[in-house]
Amino acid sequence: GYGSGVTAFAPHFFTAENSARIKKEVNLIITATMVLLLLFYALTLRDFKVLLLTSTALASSLFVGLAAVTSLFDEVSIFTLAFGSGIAMMAVDYFFHYYFHGYYCARVKSRKKVFYAFLTTVSGFGILCFADFPLIRQLALFGIAALAFSYFQFSFLFASWRFAPKERRYRLRALSTGFVDPKIVFGIALLLLGFAFSELRFSGD
């Protein structure tokens with residue numbers, strides 16, 4: 001065609017090509033997330049039992065989230081699996097809080113802080129469930145189901161095992177001693193947020 005090397009044009013070709021690229025990127029995101037998580041556990045906690053159980057809990061929560069979405073939607077976007085998996089991985093924070101604060105090996109077991117964090121996140125996703133955009137509703141439902149299942153496992157199921165941080169673990173002393181003033185971090189965050197709002201543009205398309 002006119003010396004450009006184009007011999008055919010069809011819109012569905014671009015649709016198929018984009019879908020293939022999206023699937024590759026989704027696989028890359030999920031794989032990279034799991035690899036980074038495994039490396040973090042292997043290099044810092046150095047506890048294979050904790051690594052195995054936590055990985056199983058997070059993986060099962062992904063299936064629960066996917067089951068919840070597919071039960072209510074006839075078609076599920078590949079983006080739901082990609083971004084939903086990243087959202088579900090936030091549940092590892094619940095485990096870290098319990099693990100490093102001695103919840104699993106202490107007699108006094110308070111779940112209030114983690115429950116408030118879980119409730120706040122789920123409430124935000126609950127509001128997004130009322131959005132008109134199907135992808136947002138799918139992501140919100142995926143996040144609620146996956147985080148809820150992870151919270152149940154880390155708060156109740158894992159409590160039956162007496163996990164305690166290993167003495168041979170790698171200690172991030174620079175982070176634990178608070179080498180950066182929280183006020184400085186908060187100020188930088190406000191500046192970045194203000195800059196982001198100043199550069200924000202809305203398109204009618």
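The following paragraphs examine the structure supplied in this document. Please read all numbers here as calculations on a predicted model, not as lab measurements.

Here we look at the overall build of the protein chain
Alright, step 1. Broken down by element type, the protein chain carries eight helices and zero strands.
Alright, step 2. Each helix and strand of the protein chain, ordered N terminal to C terminal, gives the series α-α-α-α-α-α-α-α.
Alright, step 3. With 205 residues in all, the protein chain has 27% of them scored as buried.
Alright, step 4. Relative to all contacts within the protein chain whose residues are 6 or more apart in sequence, the contacts with residues 24 or more apart total 79%.
Alright, step 5. Split by element, the accessible area of the protein chain, about 14100 Å² in all, is 68% carbon and sulfur.

Points about the nonpolar core
Alright, step 1. Among the nonpolar cores identified, the biggest contains 36 residues, and Tyr-41, Tyr-94, Phe-95, Tyr-104 and Phe-154 are the most heavily contacted of them.
Alright, step 2. In terms of residues, this core owes the most to one element, helix α6 (residues 134–157), which gives seven residues.
Alright, step 3. Among residues more than four places away in sequence, those in contact with Tyr-41 are Arg-46, Asp-47, Val-50, Leu-51, Thr-54, Val-92, Phe-95 and Phe-96.

A look at the packing of helix α4 (residues 92–100) against helix α5 (residues 112–128)
Alright, step 1. Where α4 contacts α5, the two axes come as close as 10 Å, and the packing angle between them is 170°. The orientation of α4 with respect to α5, classified from their angle, is roughly antiparallel. Contacts between α4 and α5 pair Tyr-94, His-97 and Tyr-98 from the former with Lys-113, Val-114, Ala-117, Phe-118 and Thr-121 from the latter.
Alright, step 2. Partitioned by chemical class, the residues of the contact of α4 with α5 number five nonpolar, two polar and one charged.

What about the side chain of Ser-155?
Alright, step 1. Relative to the elements of secondary structure, Ser-155 occurs in helix α6.
Alright, step 2. Side-chain polar atoms of Ser-155 contact the side chain of Tyr-98, separated by 2.7 Å.
Alright, step 3. With residues near it in sequence (within four places) discarded, Ser-155 still touches Tyr-98, Tyr-103 and Arg-111.

Comments concerning the environment of Arg-162
Alright, step 1. Structurally, the position occupied by Arg-162 is in the loop between α6 and α7 (173–176).
Alright, step 2. Given the relative accessible area of 62%, Arg-162 is considered exposed.
Alright, step 3. Separated by 58 residues in sequence, Arg-162 and Tyr-104 have C-alpha atoms that sit 5.1 Å apart.
Alright, step 4. With residues near it in sequence (within four places) discarded, Arg-162 still touches Tyr-104 and Cys-105.

Points about helix α2 (residues 48–72)
Alright, step 1. Between its first and last C-alpha atoms α2 spans 37 Å; for 25 residues at 1.5 Å apiece the expected length is 36 Å, and the two agree.
Alright, step 2. Of the residues making up α2, those classed as buried are Val-50, Leu-51, Thr-54, Ser-55, Ala-57, Leu-58, Ser-61, Leu-62, Gly-65 and Val-69.

Overview of the packing of aromatic side chains
Alright, step 1. One pass over the full model with this rule turns up 17 aromatic pairs.
Alright, step 2. With a centroid separation of 6.3 Å and 85° between ring planes, the pair formed by Tyr-94 and Phe-118 is classed as edge-to-face. Here Phe-118 lies in helix α5 and Tyr-94 lies in helix α4, a separation of 24 residues in the sequence.
Alright, step 3. Using a relative accessible area of 7% as the deciding quantity, one classes Tyr-94 as buried.
Alright, step 4. Phe-118 sits in the buried class, given a relative accessible area of 12%.
Alright, step 5. Aromatic side chains Tyr-94 and Tyr-151 sit 6.1 Å apart centroid to centroid with 90° between the ring planes, which places their arrangement in the edge-to-face category. With Tyr-94 in helix α4 and Tyr-151 in helix α6, the pair connects residues that are 57 residues apart, well separated along the chain.
Alright, step 6. Taken together through their ring pairs, the aromatic side chains of Phe-95, Phe-96, Tyr-98, Tyr-99, Tyr-103, Tyr-104, Phe-154 and Phe-158 make up a single cluster.

Examining the environment of Val-64
Alright, step 1. Considering the arrangement of structural elements, one finds Val-64 in helix α2.
Alright, step 2. C-alpha of Val-64 to C-alpha of Phe-142: the two residues are 78 residues apart in sequence and 8.2 Å apart in space.
Alright, step 3. Among residues more than four places away in sequence, those in contact with Val-64 are Ala-145 and Phe-149.

Calculation criteria
Residues numbered from 1 in each chain as written. Predicted model: local features only at pLDDT ≥ 70, side-chain atom pairs only at ≥ 80, totals over all residues. Heavy atoms only, no water. Helix = DSSP H or I, 4+ residues; strand = E, 2+ residues; numbered from the N terminus. Buried < 20%, exposed > 50% of the residue type's maximum accessible area, 1.4 Å probe, protein only. Contact = heavy atoms within 4.5 Å. Areas by Shrake-Rupley, 256 points an atom, 1.4 Å probe, with all protein chains shown as cover. Core = buried A, V, L, I, M, F, W, Y, C linked by side-chain atoms within 4.5 Å. Axes fitted to C-alpha atoms, helices over the stretch in contact; angles between N-to-C directions. Parallel < 35°, antiparallel > 145°, perpendicular 65-115°, else oblique. Nonpolar A, V, L, I, M, F, W, Y, C, P; charged D, E, K, R; others polar. Polar contact = N/O pair within 3.5 Å; in protein donor to acceptor, adjacent residues only side chain to side chain. Expected span 1.5 Å × (residues − 1). Phe/Tyr/Trp six-rings, centres within 6.5 Å; stacked < 30°, edge-to-face > 60°.

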